[in-house]
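# Topology and contacts: notes
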Amino acid sequence: MRFVAGVDIAPGDELEITYGPLYEPRDERQQILRDMYGVDCECRACSLSGDAQLDSDRRRTSIRTVQQRISTPGAMMKPDNFVALVKEGLALLLEEGLFTGASALAYDGVQAAAAWSDIEATRAWAVKALKLQELEGGVESSDYKMVKKVERNPKLHQSWGGYRTPRAVPRP
């Protein structure tokens, strides 16, 4: 197995890996880990208490809700609303200190811009997705390489022109 660090790691820094769902409240995440692996997680998020823990639970469930709304059939039909959801999800991930899922959200922006035939927005979202994918999976990952091709030539995206009438899509 290969791990890629997206940030500098100082001696003594704790490294964490996800074994279960990220976007559930702490108590639900803990129960899933107990049921599946017989462990109690002691990561930063699971160790929070009081208002900090409630805020974390709120952010994580909000991220899940954003992902569900983005996945709703027809969500891209209103690109302004769709991109607002993508940006909301990215902001919540950043606030929660999570990298996992950020590049996928940015890639949703790529897909929307490509479907609406907006070359500049497709490139802008591809640049955002590439920066995030570099942190999540590294520049050698297949996802990174695929998005890099779309950045160079947005018309290569499989969704290019999916909506017959071109329309401007908000940038990241």
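Anyway, here's the lowdown on the structure attached to this text. Keep in mind that what you see is a predicted model, and the values were worked out from it rather than measured.

### Things to note about the overall build of the chain
When helices and strands are tallied, the chain shows six helices and zero strands. For the chain, the N- to C-terminal ordering of α and β elements is α-α-α-α-α-α. Residues classed as buried in the chain amount to 37% of the 172 residues present.

### Quick look at the packing of helix α3 (residues 79–96) against helix α4 (residues 102–115)
Following both chains from N to C, one finds α3 and α4 inclined at 165°, their axes separated by 9 Å at the closest point. Classified by the angle between their axes, α3 and α4 sit roughly antiparallel to one another. In this structure, the crossing between α3 and α4 has a hand that is left-handed. Contact with α3, carried on its side by Phe82, Val86, Gly89, Leu90 and Leu93, involves Ala102, Leu105, Ala106, Asp108, Gly109 and Ala112 of α4 and no other residues of that element. Looking at side-chain class alone, the contact of α3 with α4 contains eight nonpolar, two polar and one charged residues.

### Considerations on helix α5 (residues 119–136)
An α-helix turns once every 3.6 residues. As a result, residues three or four positions apart point the same way. For α5, spanning 18 residues, the distance from its first C-alpha to its last is 25 Å, which sits close to the expected 26 Å at 1.5 Å a residue. All of the buried residues in α5 are Ala121, Thr122, Trp125, Ala126, Ala129, Leu130, Leu132 and Gln133. With a side-chain oxygen positioned 3.3 Å from the backbone nitrogen of Glu120, the residue opening α5 is Asp118. Looking one or two residues past α5, Gly138 carries a phi angle of roughly 90°, positive in sign.

Quick notes on the rules
- Residues numbered from 1 in each chain as written.
- Predicted model: local features only at pLDDT ≥ 70, side-chain atom pairs only at ≥ 80, totals over all residues.
- Heavy atoms only, no water.
- Helix = DSSP H or I, 4+ residues; strand = E, 2+ residues; numbered from the N terminus.
- Buried < 20%, exposed > 50% of the residue type's maximum accessible area, 1.4 Å probe, protein only.
- Axes fitted to C-alpha atoms, helices over the stretch in contact; angles between N-to-C directions.
- Parallel < 35°, antiparallel > 145°, perpendicular 65-115°, else oblique.
- Left-handed = near helix turned anticlockwise from the far one by under 90°.
- Contact = heavy atoms within 4.5 Å.
- Nonpolar A, V, L, I, M, F, W, Y, C, P; charged D, E, K, R; others polar.
- Expected span 1.5 Å × (residues − 1).
- Polar contact = N/O pair within 3.5 Å; in protein donor to acceptor, adjacent residues only side chain to side chain.

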